[in-house]
Amino acid sequence: MKKISILLTLALCVSVFFCSCGTQKDKTDSSGTKDTRAAYSAPKNIISTEEYRNQLKSLMSSVENFGTADDAYMKKLSDLTDKLKDSITYNEDDIKTADGTIYYVSTDGNDENDGKSEKTPWASLDKVSSFEFKEGDLVLFKRGDSWRGSLGVKSGIAYSAYGKGYKPRILAANEAHTLGNWVQTDKENVWKLDKKIIQNDLGFILLTDKDGKEICCSKKTKHSKLSKNFDFVYGGATVEDGRPDMYVYLYYDGGNPGDVFPNIELPMKIAVIIPPAGIQNLTLNNLELLYGADAFWTSDAKNILISYCTMGWSGGFADKKGASRYYGGSGVWHGCDNFVYDHCYIYQQYEPGISPQYIGEGNKSESFFKDFIVKDSLFDSCEWTLEYYSSQNDYDNNGFDGLYFGYNICINGGRGLGGEKASTSCYIQSWNHEGPTVNSTIEYNVFDRAASETLNVGTTDNKIPKLSNNLYIQFNNKKFGRVNSISYQYTKSDLEKYIDTGVETNPVFLFAEK
């Protein structure tokens, strides 16, 4: 759960090692970072939205209200999940036309170019972030290219991709190999990166081994707690003697980490996309947004469309030394009008995958979230898939009108990076907030085997979204969750009580075998 002070300062937090230079496969930029993706080959798993929804409904209708999630059923669900993931990840329906000027950005470009053709593209995020566009302009990033840093976006502009290959990537992280070398400390198996990282926290470290496997390192609060492989501590946040030294320390008994792992990402405490407050008429399409504190956060936004974007590995930063850790995902603070996520793949988020939220804290201003829509998307390993709330200390003028969460597949809730606070994790989290939720629906979603609860939905006046036709999969006698402050276990007797309340129509409850 975030606080307003955290959100307002996030965009101001930058690393001295910030680099917005482009990177390209088998080619390094001035910081030495490579695009590490394998050779591009689009799969044949892509299906249309209509086909996906029909297959999802067919899968749900093939069982009774209560049943068993046997191997055959789970194989069908896994196959459909893979189709949805591929249909998002490999989508090539880029925006190609604009009312205004189309600008191109490529790692082979030059910021001295005019940017108005594929032959004269710009090169850097800094150029795009600082340029004074006109409403209706379109910015296209070259597929297969990657940039490090953050992208500042503006109202009235669309940002998409061009060319062939993987989605263009923006990575809010430093790559350790470009900063320095790992050196052995006087403590056995503890390695130190010999270059200081000047930022007030490091949320996590992501290693990639020579086989392409990603390993998320476990953050510790003190050097004395470094005891097993992949434990790390960042001296800028916590040092026993209270004197931050700004170095990264990693426990690893397999040799020098720099020799073993081709890629070591050190996320920066910045958002990948930095919009101004009150942004309007913004489109993000076919972009891959990685690392950082958040993928995208703004406030009081209107007419926002985020489509076919992937957002991964964000969050876990403290706002100050010794404080709780926050961040992850994307969303909007205080209010919105027409904010849409369509076909997004959001994974490995320390806190929410997506979150519209506000806590008034004595500031009694209107806080309405209107037509906040999440559809046809895949969520994997987030603490909360959807976290939503609007609370202003009993002030009436706040709440949700037109919240929609439909046709999404949610897996591994409270696991991975999203599992470091697994005791509070759930797929839908509303914190029993004070603002009413009207004209809202949660329907045709898959909620598969959460680590903790599945639902925590409620308001102080019991005005919650209409739930219908959702598929739940969980182990017998695990927590199901809380709805309007009533707790339920995942047992047939408790779930029948839940159905009897009339809160949800036609749910499907399957009991997992493994």
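Our subject is the structure that appears above.
Quick caveat: nothing in here was measured; it's all calculated off a predicted structure.

Thresholds applied
Residues numbered from 1 in each chain as written. Predicted model: local features only at pLDDT ≥ 70, side-chain atom pairs only at ≥ 80, totals over all residues. Heavy atoms only, no water. Helix = DSSP H or I, 4+ residues; strand = E, 2+ residues; numbered from the N terminus. Buried < 20%, exposed > 50% of the residue type's maximum accessible area, 1.4 Å probe, protein only. Contact = heavy atoms within 4.5 Å. Areas by Shrake-Rupley, 256 points an atom, 1.4 Å probe, with all protein chains shown as cover. Pairing = 2+ DSSP bridges. 1 Å grid on protein atoms, 1.4 Å probe; cavity = no way out; pocket = protein on both sides within 12 Å on 5 of 7 lines; lining within 4 Å. Points joined across faces, edges and corners; volume = space filled by probe spheres on them. Nonpolar A, V, L, I, M, F, W, Y, C, P; charged D, E, K, R; others polar. Salt bridge = Lys/Arg side-chain N within 4 Å of Asp/Glu carboxyl O. Expected span 1.5 Å × (residues − 1). Arc of directions from axis to C-beta. Phe/Tyr/Trp six-rings, centres within 6.5 Å; stacked < 30°, edge-to-face > 60°. Axes fitted to C-alpha atoms, helices over the stretch in contact; angles between N-to-C directions. Parallel < 35°, antiparallel > 145°, perpendicular 65-115°, else oblique. Left-handed = near helix turned anticlockwise from the far one by under 90°.

### Some points on the overall build of the protein chain
So, step 1. Of the regular secondary structure elements, the protein chain holds seven helices and 42 strands.
So, step 2. For the protein chain, with 514 residues in total, the buried portion stands at 59%.
So, step 3. Within the protein chain, contacts between residues separated by at least 24 positions form 70% of all contacts whose residues are at least 6 apart in sequence.
So, step 4. Roughly 20000 Å² of accessible area belongs to the protein chain as shown, and the carbon and sulfur atoms make up 47% of that amount.

### Remarks on the sheet that holds strand β9 (residues 182–184)
So, step 1. Overall, mixed pairing links the five strands, which are arranged β9-β10-β15-β14-β13 in an open sheet. The two strands at the open ends of the sheet, each matched to only one other strand, are β9 and β13 (218–219).
So, step 2. Sheet topology places strand β10 (residues 190–193) next to strand β15 (residues 248–251); three bridges connect them, and they run antiparallel. Bridged to Lys192 within β15 is Tyr249.

### Observations concerning unusual backbone geometry
So, step 1. In this structure, Asn303 takes a positive phi of about 60 degrees despite not being glycine.
So, step 2. Position of Asn303 relative to the elements: it lies in strand β20 (residues 294–307).
So, step 3. Take Asn303: its relative accessible area is 28%, and that puts it in the partly exposed class.
So, step 4. Although it is not a glycine, His343 sits at a positive phi angle of roughly 55 degrees.
So, step 5. By secondary structure assignment, the location of His343 is in the loop between β24 (330–342) and β25 (345–359).

### Re the layout of surface pockets
So, step 1. In this structure, the second largest pocket occupies an estimated 280 Å³ of space.
So, step 2. With six residues, helix α3 (residues 71–89) is the largest single contributor of residues to the lining of the second largest pocket.
So, step 3. For the lining of the second largest pocket, the residue count by class is five nonpolar, three polar and six charged.

### So, the pattern of salt bridges
So, step 1. As enumerated under the stated definition, the model contains ten salt bridges in all.
So, step 2. In this structure, Lys514 engages Asp71 in a salt bridge whose closest nitrogen and oxygen atoms are separated by 3.4 Å. Taken together, the positions of Lys514 in the segment after β42 (508–512) and Asp71 in helix α3 put the pair 443 residues apart, joining distant regions of the chain.
So, step 3. Judged by its relative accessible area of 63%, Lys514 falls in the exposed class.
So, step 4. Residues Asp448 and Arg449 are paired through a salt bridge, measuring 2.7 Å at the closest nitrogen-oxygen approach.
So, step 5. For Asp448, a relative accessible area of 7% puts it in the buried group.

### As for the pairing of strand β27 (residues 378–387)
Two faces belong to every sheet, and in a regular strand the side chains alternate between them.
So, step 1. For β27, the buried fraction is high: ten of the ten residues fall into the buried class.
So, step 2. Examined bridge by bridge, β25 and β27 share six bridges and lie parallel to one another. Bridged to Ile346 within β27 is Phe379.
So, step 3. Of the pairings in the sheet, the one linking β27 to strand β31 (residues 409–411) comprises three bridges and is parallel in character. Paired with Asp380 across the bridge in β31 is Ile411.
So, step 4. Sheet topology places β27 next to strand β32 (residues 426–429); three bridges connect them, and they run parallel. Bridged to Leu386 within β32 is Ile428.

### Regarding helix α2 (residues 49–61)
So, step 1. For α2, built from 13 residues, the straight-helix expectation of 18 Å at 1.5 Å per residue is met to within 8% by its first-to-last C-alpha distance of 18 Å.
So, step 2. Among all positions in α2, only Tyr52, Leu56, Leu59 and Met60 are buried. Buried positions in α2, seen along its axis, are confined to an arc of 100 degrees and lie on one side of it. What points out from α2, more than 90 degrees from its buried face, is the exposed set Glu50 and Ser61.
So, step 3. Against the buried residues of α2 lie α3, β31, β35 (446–448), β38 (471–474) and β42.

### Some remarks on the packing of aromatic side chains
So, step 1. Counted under the stated rule, the structure contains 39 aromatic pairs.
So, step 2. Plain terms: the ring middles of Trp122 and Phe133 are 6.1 Å apart, the flat faces sit at 55 degrees to each other, and that makes the pair tilted. One end of the pair, Trp122, is in the loop between β3 (102–105) and α4 (125–130); the other, Phe133, is in the loop between α4 and β4 (138–142), with eleven residues separating them in the sequence.
So, step 3. The interplanar angle of 80 degrees and the centroid separation of 5.1 Å between the aromatic rings of Tyr472 and Phe480 together place this pair among those described as edge-to-face.

### Considering the packing of α2 against α3
So, step 1. α3 packs onto α2 with a crossing angle of 165 degrees between their chain directions and a minimal axis gap of 11 Å. The angle between the axes of α2 and α3 places the two elements in the roughly antiparallel class. When the axes of α2 and α3 are compared, the crossing they make is left-handed. Between α2, through Tyr52, Gln55, Leu56, Leu59 and Met60, and α3, the contact on the second element is made entirely by Tyr73, Lys76, Leu77, Leu80, Lys83 and Leu84.
So, step 2. When grouped by side-chain class, the residues that make up the contact of α2 with α3 number eight nonpolar, one polar and two charged.

### So, the environment of Leu305
So, step 1. Structurally, Leu305 can be placed in strand β20.
So, step 2. Sequence separation between Leu305 and Asn281 is 24 residues, and the spatial gap between their C-alpha atoms is 8.0 Å.

### Examining the pairing of β32
So, step 1. Sheet analysis places β32 next to strand β36 (residues 455–457), joined by two bridges and oriented parallel. Bridged to Ile428 within β36 is Leu455.

### What about the environment of Lys228?
So, step 1. Summarising the element assignment, Lys228 is placed in the loop between β13 and β14 (231–234).
So, step 2. Here the alpha-carbon distance between Lys228 and Leu250, two residues 22 residues apart in the chain, equals 9.4 Å.
So, step 3. Leave out the neighbours within four places in its chain, and Lys228 touches Lys220 and Tyr251.

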